[in-house]
Amino acid sequence: MILRGLAIDNGGSEVRTLSLDGKLTTLTNDFVRIKREDFRYKDTENPLELCDVVEAPKEEYVGIIARGMTGKMYDSKMLNITSQSAKTESIAYYNQFIYAIARDAMEEKLRRTEAKENMKLKVIVPEFLKDTTDMFEYIICTCIPIKEHSGKNDCATKLKAKLAGDYTVEFPLLPNHDNVRFRLTATNIGVVPEGGVAMTALRNEINPEDISIVIDIGHITMDMALFKGKTIYGNKVISAQRAGSTLISLARSSLEDAGYFVNDEQAGKAIETGIVKRGAINEDISNLILEEKKAFVKNYIYPKVVDLLNMNSINASQVQNIIPIGAAMNDKSFIEEIINICGFRDAMVKKLSDDLRHVNVQQAVVFVKVMYNAKMQSIQRTVS
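Note that this is a predicted model, so its numbers are computed, not measured.

Colleague: Quick rundown of the overall build of the chain? Include the residues and the values.
Modeller: When helices and strands are tallied, the chain shows 10 helices and 18 strands. In terms of overall size, the chain behaves like a compact globule, its C-alpha atoms giving a radius of gyration of 22 Å where 384 residues would be expected to give roughly 21 Å. With the C-alpha coordinates of the chain rotated into their principal frame, the extents come out at 60 × 55 × 40 Å. Here the chain holds 384 residues, and 51% of them are scored as buried. Per element, the accessible surface of the chain, about 18,400 Å² overall, is 48% carbon and sulfur.

As structure tokens, then:
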């Protein structure tokens with residue numbers, strides 16, 4: 001058995017994993033499913049971009065999943081997570097989840113194989129974990145939207161039950177068609193709320209009486225919650241379907257009106273940089289982008305902030321801390337617009353990462369460490 005810890009943040013734009021050894025992997029969310037009859041071997045720059053789930057606890061998880069440039073080489077069907085259903089109800093969500101774990105397991109297997117062959121990197125395995133199998137047993141912590149986590153339905157338990165089981169996954173584009181086996185058990189899966197998990201990192205900076213608002217703008221949903229100290233306040237949260245993808249659509253439309261024809265990826269980069277290419281020339285369109293950001297705050301963020309405050313009988317002036325999360329929040333001017341338009345001028349901004357798109361996965365790995373250590377101690381007690 002190979003015990004491995006992994007934090008996973010599966011969002012609408014990216015799937016991010018962070019292992020206990022500090023390896024952060026970011027996968028653009030362009031996953032596809034390929035019919036077996038349409039598959040044949042093709043040379044690709046990254047053979048790990050395609051895997052074949054051969055055995056899984058549920059039939060809908062079995063099949064060929066690909067992403068990136070490799071996925072584009074085949075006739076395929078998109079595996080998109082949309083705002084039309086909860087993440088924990090989406091088959092695409094679980095397909096992507098399984099791919100992320102399988103890829104991590106294969107990368108670790110290849111690393112160990114290379115280490116043993118070269119004798120340059122010694123893989124230290126505690127004696128009590130040595131056996132004759134190459135099964136990976138995973139300690140997982142993942143994030144789901146605050147509304148799903150704190151709502152009336154027990155989505156966390158549902159997620160664990162849907163993932164639990166043994167898996168065999170092949171990577172048919174690798175030279176030796178290698179496969180990996182891994183096991184997920186409900187007791188080894190932790191589920192924390194997106195955005196809410198950030199409060200753990202602020203435990204030494206926030207007073208027990210402080211009111212904080214978490215604003216997590218993902219690609220598919222925008223989640224907001226109030227906290228008193230480290231505890232969610234009033235159990236009233238907001239989950240809106242107008243989020244990063246909406247801002248990209250608005251920016252793309254404005255750019256096209258101004259004569260710049262871009263796709264969603266290029267519009268997303270324009271939002272981050274304020275630059276767009278016309279041929280080989282970089283042109284500054286920061287003023288146009290700023291106007292779209294202001295409009296997004298006024299039309300989509302401000303009304304939801306008002307709803308959240310009213311539901312919990314809180315005034316904007318009573319909020320001490322703003323915790324921004326998500327790629328859109330990497331833009332200082334965007335946060336400033338939220339502060340000014342929503343009336344949070346007396347609040348402090350608490351940034352938890354240099355790149356705010358990684359906050360959830362960086363905080364989730366803290367829980368992985370705790371769970372991993374507890375599992376190790378349990379195994380040691382059993383064999384001693």
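Colleague: How would you sum up the pattern of salt bridges? Please name residues and give values.
Modeller: One pass over the full model with this rule turns up 30 salt bridges. Note that D30 and K72 form a salt bridge whose closest N and O atoms lie 3.5 Å from each other. Residue D30 is located in the loop between β3 (24-28) and β4 (32-34), and its partner K72 is located in the loop between α1 (68-71) and β7 (77-78); the two are separated by 42 residues in the primary sequence. When its relative accessible area of 18% is taken as the criterion, D30 is described as buried. Judged by relative accessible area, which is 57%, K72 ranks as exposed. A salt bridge links R181 to D134, with the nearest nitrogen and oxygen atoms 3.1 Å apart. One end of the pair, R181, is in strand β10 (residues 179-184); the other, D134, is in the loop between α2 (91-118) and β8 (136-144), with 47 residues separating them in the sequence. Overall, the relative accessible area of 28% leaves R181 in the partly exposed class. Relative accessible area serves as the criterion here: at 36%, D134 is assigned to the partly exposed category. Taken together, the shared-partner salt bridges in this structure form one network comprising R4, D21, D104, E108, R111 and R112.

Colleague: Describe the pairing of strand β16 (residues 281-284), with residues and values.
Modeller: As paired strands, strand β15 (residues 275-278) and β16 are joined by four bridges and run antiparallel to one another. Residue pairing for β16: I275 is matched across the bridge by D284. Between β15 and the antiparallel strand that follows it, β16, lie two residues; G279 among them carries a positive phi value of about 65 degrees.

Colleague: Which residues make up the nonpolar core, and what values go with them?
Modeller: Among the nonpolar cores identified, the biggest contains 55 residues, and I217, I301, F334 and F344 are the most heavily contacted of them. Ranked by the residues each element gives to this core, the list is headed by helix α8 (residues 286-311), at seven residues. Those residues within four positions of I301 in sequence are excluded, and the remaining contacts are I217, M222, M224, F296, F334, I338 and C342. Grouped together as the second largest cluster of nonpolar side chains are 41 residues, L79, A92, I101 and F182 included.

Colleague: Describe the environment of S150, naming the residues involved and giving the relevant values.
Modeller: Following the sequence through the fold, S150 ends up in helix α3 (residues 146-150). S150 gets classed as partly exposed once you look at its relative accessible area, which sits at 22%. Between the C-alpha atom of S150 and that of I232, which follows or precedes it by 82 residues, the distance is 9.2 Å.

Colleague: Can you explain unusual backbone geometry? Please cite residues and give values.
Modeller: Leaving glycine aside, a negative phi is the common case for residues, and trans is the common case for peptide bonds. For H177, which is not a glycine, the phi torsion comes out positive at approximately 50 degrees. In this fold, H177 is placed in the loop between β9 (165-170) and β10. One non-glycine residue with positive phi stands out, namely S313, at about 55 degrees.

Colleague: Kindly report on the packing of aromatic side chains, identifying the contributing residues and their values.
Modeller: Throughout the structure, instances matching the rule amount to 10 aromatic pairs. Aromatic pair F136 and Y138: ring centres 6.2 Å apart, planes at 25 degrees, arrangement stacked. With relative accessibility at 0%, the residue Y138 sits in the buried group. Here a set of aromatic residues connected by ring pairs shows up, and it is made of Y61, Y93, Y94 and F97. Lying across the ring of Y74, K42 places its NZ or CZ 4.4 Å from the centre.

Colleague: Break down the side chain of D52 for me, citing the residues and quoting the values.
Modeller: In this structure, D52 sits in strand β5 (residues 50-55). Since its relative accessible area comes to 9%, D52 is described here as buried. At 2.6 Å, the side chain of D52 and the side chain of R36 are in polar contact. Look past the residues within four positions of D52 in its chain and what remains in contact with it is R36, G63, I64, T168, V169, E170 and P172.

Definitions and cut-offs
Residues numbered from 1 in each chain as written. Predicted model: local features only at pLDDT ≥ 70, side-chain atom pairs only at ≥ 80, totals over all residues. Heavy atoms only, no water. Helix = DSSP H or I, 4+ residues; strand = E, 2+ residues; numbered from the N terminus. Rg over C-alpha atoms; globule rule 2.2 N^0.38 Å. Buried < 20%, exposed > 50% of the residue type's maximum accessible area, 1.4 Å probe, protein only. Areas by Shrake-Rupley, 256 points an atom, 1.4 Å probe, with all protein chains shown as cover. Salt bridge = Lys/Arg side-chain N within 4 Å of Asp/Glu carboxyl O. Pairing = 2+ DSSP bridges. Core = buried A, V, L, I, M, F, W, Y, C linked by side-chain atoms within 4.5 Å. Contact = heavy atoms within 4.5 Å. Phe/Tyr/Trp six-rings, centres within 6.5 Å; stacked < 30°, edge-to-face > 60°. Lys NZ or Arg CZ within 6 Å of the ring centre and 35° of its normal. Polar contact = N/O pair within 3.5 Å; in protein donor to acceptor, adjacent residues only side chain to side chain.

Read these as spatial facts, not as claims about activity.
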